[in-house]
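Secondary and tertiary structure notes
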Amino acid sequence: MISISPLLDTIENREATFKWINSEDVRRGILRNEKTTWPEHENWFRRLRDDRKNIHFQILDDDCAFIGCISLKNIDWENGSGELMIYIGDAENRGKHFGYRAIKLFIEHTCFLYFNMRKIYVTVSAENIIARHLYKRCGFIEEGVFKDAFFQDGKYIDVIKMVRISDE
Ligand SMILES: CC(C)(COP(=O)(O)OP(=O)(O)OC[C@H]1O[C@@H](n2cnc3c(N)ncnc32)[C@H](O)[C@@H]1OP(=O)(O)O)[C@@H](O)C(=O)NCCC(=O)NCCS
């Protein structure tokens, strides 16, 4: 069984996440063009604990190995909404339904039951077919398309907002 728990500030976690968030496929998936420097990354880790608007969790596989991260960002506690972001760090761990299981667990347990959220949304590239398919399987529906919203690989791409509401 996979599990998720708050992202711990250890040197191993700093190094693994540094490698992953700078890899091309993760950056493409999470819509980030710029690479992160090590000092920026260390600063990000230092601020983790005090950040109430962005909360990050580590995804552990059946053998408790750290395989990726799932986050709730831009949290609006008053209105019960937040933006989900996920990546499975290494390509060999993708396509094994870790993403599906992590999202289901995170949304239904952490976001809806524990945080009492009402609405979880994702912003995903129209070209990220795997993520769109995955979010749909996890009960997200498309709420809108933002035309030419992000510049990637030398062209503008559409970005889709997908949402899941707690009791729908
Ligand atoms: C998106 C991501 C988190 C998915 O995690 P994962 O563990 O690989 O996903 P899963 O194995 O749970 O599910 C993948 C689904 O996509 C399907 N899929 C795989 N390749 C596909 C393709 N080329 N076209 C269509 N569907 C595809 C799989 O069959 C599976 O669907 P199924 O459950 O109906 O069989 C992972 O690919 C990733 O980290 N990508 C880079 C970062 C990223 O894009 N994050 C999302 C930001 S919005």
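Just so it is clear, the model here is predicted, and its values are computed rather than measured.

1. Digging into the overall build of the protein
Scanning the protein from terminus to terminus reveals 5 helices and 7 strands. Relative to the globule expectation of 15 Å for 168 residues, the C-alpha radius of gyration of the protein, 15 Å, shows essentially globular dimensions. Seen along its three principal axes, the alpha-carbon backbone of the protein occupies a region of about 40 × 40 × 35 Å. Out of the 168 residues in the protein, the part that is buried amounts to 23%.

2. Side note on the site of the ligand
Neighbouring residues of the ligand: 23 residues in total, closest Gly 29, Tyr 87, Arg 94, Gly 99 and Tyr 100. At the level of secondary structure, the elements contributing two or more residues to the shell around the ligand comprise helix H2 (24-29), strand E4 (81-88), helix H4 (98-114), strand E5 (119-125) and helix H5 (129-137). No other element matches H5, which puts 6 residues into the shell around the ligand.

3. Some points on the environment of His 56
Looking at the secondary structure, you find His 56 in strand E2 (residues 55-60). Residue class for His 56 comes out partly exposed when judged on the 18 C-beta atoms lying within 10 Å of it. As for His 56 and His 109, which are separated by 53 residues in sequence, their C-alpha atoms are 15 Å apart. Look past the residues within four positions of His 56 in its chain and what remains in contact with it is Leu 7, Leu 48, Cys 69 and Ser 71.

4. Here's the deal with the environment of Val 124
Summarising the element assignment, Val 124 is placed in strand E5. Assessed through the 25 C-beta atoms surrounding it within 10 Å, Val 124 is described here as buried. Linking Val 124 and Tyr 87, residues 37 residues apart in sequence, is a C-alpha distance of 12 Å. Setting aside its immediate chain neighbours within four residues, Val 124 contacts Ala 131, Arg 132, Tyr 135, Val 159, Ile 160 and Met 162.

5. Let's talk about the pairing of strand E7 (residues 155-165)
Bridge count between E5 and E7: 7 bridges; the pairing is antiparallel. The partner of Val 122 across the bridge, within E7, is Met 162. Pairing between strand E6 (residues 141-152) and E7: 8 bridges, direction antiparallel. By the bridge assignment, Phe 151 is partnered in E7 with Tyr 156. Between E6 and E7, which follow one another and run antiparallel, lie 2 residues, and Asp 153 among them has a positive phi close to 50°.

6. Side note on the nonpolar core
Counting 31 residues, the largest nonpolar core has Ile 59, Ile 70, Ala 102, Phe 106, Val 124 and Tyr 135 as its most contacted members. When residues of this core are traced back to their parent elements, those giving at least two are E2, strand E3 (66-76), E4, H4, E5, H5 and E7.

7. Thoughts on the sheet that holds E5
Reading across the sheet, the 7 strands line up as E1-E2-E3-E4-E5-E7-E6 and stay open at both edges, with mixed pairing between neighbours. Across the chains shown, the open sheet's two edge strands, defined by having one partner strand only, are strand E1 (3-6) and E6. When the angles between neighbouring strand axes are averaged without regard to direction, this sheet yields 30°. As judged from the 3 bridges shared by E4 and E5, these two strands associate in the parallel manner. Each bridged residue has a counterpart across the sheet, and for Glu 83 the counterpart in E5 is Tyr 121. Contacting E5 and E7, H5 crosses the sheet at an angle of about 160° to E5.

Definitions and cut-offs
Residues numbered from 1 in each chain as written. Predicted model: local features only at pLDDT ≥ 70, side-chain atom pairs only at ≥ 80, totals over all residues. Helix = DSSP H or I, 4+ residues; strand = E, 2+ residues; numbered from the N terminus. Rg over C-alpha atoms; globule rule 2.2 N^0.38 Å. Buried ≥ 20, exposed ≤ 12 C-beta atoms within 10 Å, placed from the backbone. Near = placed C-beta within 6 Å. Contact = placed C-beta atoms within 7 Å. Pairing = 2+ DSSP bridges. Core = buried A, V, L, I, M, F, W, Y, C linked by C-beta atoms within 7 Å. Axes fitted to C-alpha atoms, helices over the stretch in contact; angles between N-to-C directions.

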